[in-house]
Amino acid sequence: MTAHQPIRVLVVEDDPVAADAHVLYVGRVPGFTAVGKAHTGAEARRVLERTPVDLLLLDLHLPDVHGLQFARSLRAAGHHADVIAVTSARDLTVVREGVSLGVVQYVLKPFTFATLRDRLLRYAEFHAAAGEASGQEEVDRALAVLRAPGPAALPKGLSAPTLQRVTAALREHPDGLTATGVAEAVGISRITARRYLEHLVDTGRAARSPQYGTVGRPELQYRWVTGQ
């Protein structure tokens, strides 16, 4: 693969809807192309036998094999594609085991396009590193590229636990909620709820629209953005 060729990604995911979404996500990231998708380990192996692949976006819970067992068998067969593991499991023992099998990143389900884009771009930077390091500092820098940044600081007066509760309330009401509805669901004031909701709008995770059909000035309705 030359520097001008995209990084070739195989999506391995048993859920057809999720697989299609992940293929779409990969295609939206500059420098990457999805060369195929597979719903089982056996299907993924067939794709790998006929298609060059640089990176696997690998669901760990496949119907016919655990993702790490599949990765181990690939290494034994001489396949050297890197792996970004996709899983809802949070077992750190699994994370440690994956490191020895070429798992360069873990993405916890459910994840947003922004999360995957960040992991892919970091992988691309790591993948592009070549030549001889000048010393320990350069080696450390190359490895640090793969690490996700810490969570962005929230605006003054907002807390992460409350933001999580507001987010959960919106997710549970796909038709949307007003600030009053969120305040009642979370147990905070309407003004406080509005601040959190506006933060979600500003960061692209929620959308707002006027709620008509009420007397007087329409109240704003907030809705979680699909795919976030």
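Residues numbered from 1 in each chain as written. Predicted model: local features only at pLDDT ≥ 70, side-chain atom pairs only at ≥ 80, totals over all residues. Heavy atoms only, no water.

Colleague: Give a detailed account of the packing of aromatic side chains, specifying residues and quantitative values.
Modeller: In the structure shown here, the tally under the stated rule is one aromatic pair. Ring geometry for Tyr25 versus Phe113: centroids 5.4 Å apart, planes at 55 degrees, classification tilted. Taken as a pair, Tyr25 in helix H1 (residues 16-27) and Phe113 in helix H5 (residues 113-128) lie far apart in primary sequence, 88 residues in all. Both residues of the pair, Tyr25 and Phe113, belong to the buried class. Across from the ring centre of Phe113, 3.8 Å away, lies the NZ or CZ of Arg28, which sits over that ring. (Phe/Tyr/Trp six-rings, centres within 6.5 Å; stacked < 30°, edge-to-face > 60°. Helix = DSSP H or I, 4+ residues; strand = E, 2+ residues; numbered from the N terminus. Buried < 20%, exposed > 50% of the residue type's maximum accessible area, 1.4 Å probe, protein only. Lys NZ or Arg CZ within 6 Å of the ring centre and 35° of its normal.)

Colleague: Outline the sheet that holds strand S5 (residues 103-108), supporting the account with residue identities and numerical values.
Modeller: In spatial order, the strands read S2-S1-S3-S4-S5; together these five strands make up an open sheet with parallel pairing. Both edges of this open sheet fall to strand S2 (32-38) and S5, since each of them pairs with a single strand only. Taking the axes of each pair of neighbouring strands and ignoring which way they run, one obtains an average angle of 20 degrees across the sheet. Bridge analysis of strand S1 (residues 7-12) against strand S3 (residues 55-59) gives four bridges, and the strand direction is parallel. In the sheet register, Leu10 faces S3, and the bridge partner there is Leu56. Most of the contacts of H1 go to S2, to which it runs at about 165 degrees, and overall it touches S1, S2, S3 and strand S4 (82-87). This element, H5, spans S1, S2, S3, S4 and S5 of the sheet and lies at about 170 degrees to S5. (Pairing = 2+ DSSP bridges. Axes fitted to C-alpha atoms, helices over the stretch in contact; angles between N-to-C directions. Contact = heavy atoms within 4.5 Å.)

Colleague: Help me get a handle on the pairing of S5, residues and values and all.
Modeller: Burial analysis of S5 places five of its six residues in the buried class, which makes it a mostly covered element. Pairing analysis gives five bridges linking S4 to S5, with the strands arranged parallel. Directly across from Ala85, in S5, lies its bridge partner Tyr106.

Colleague: Lay out the sheet that holds strand S7 (residues 206-211) with the relevant residues and their values.
Modeller: The three strands are arranged S6-S8-S7 in an open sheet whose pairing can be described as antiparallel. Strands with a single pairing partner mark the edges of an open sheet, and in this sheet they are strand S6 (177-178) and S7. Of the strand pairs in this sheet, S6 and strand S8 (residues 219-224) are connected by two bridges, and their pairing is antiparallel. Each bridged residue has a counterpart across the sheet, and for Thr178 the counterpart in S8 is Gln221. Seen against the sheet, helix H9 (residues 190-202) touches S6, S7 and S8 and runs at an angle of roughly 50 degrees to S8.

Colleague: Report on the packing of helix H7 (residues 160-171) against helix H8 (residues 179-186), specifying residues and quantitative values.
Modeller: Following both chains from N to C, one finds H7 and H8 inclined at 115 degrees, their axes separated by 10 Å at the closest point. Remark: the crossing between H7 and H8 carries right-handed chirality. For the pair H7 and H8, the contacting residues are Arg165, Val166, Ala169 and Leu170 in the first and Val182, Ala185 and Val186 in the second. For the contact of H7 with H8, the per-class residue count stands at six nonpolar, no polar and one charged. (Left-handed = near helix turned anticlockwise from the far one by under 90°. Nonpolar A, V, L, I, M, F, W, Y, C, P; charged D, E, K, R; others polar.)

Colleague: Give me the lowdown on the environment of Phe111, citing residues and values where you can.
Modeller: Topologically, Phe111 is positioned in the loop between S5 and H5. Here the alpha-carbon distance between Phe111 and Ser88, two residues 23 residues apart in the chain, equals 9.7 Å.

Colleague: I'd like a description of the environment of Leu74, backed by residues and values.
Modeller: Along the polypeptide, Leu74 turns up in helix H3 (residues 67-76). Take Leu74: its relative accessible area is 2%, and that puts it in the buried class. Each C-alpha atom, one on Leu74 and one on Leu101, is 9.2 Å from the other, the two residues being 27 residues apart in sequence. Not counting chain neighbours up to four residues away, the residues in contact with Leu74 comprise Arg45, Leu48, Leu56 and His79.

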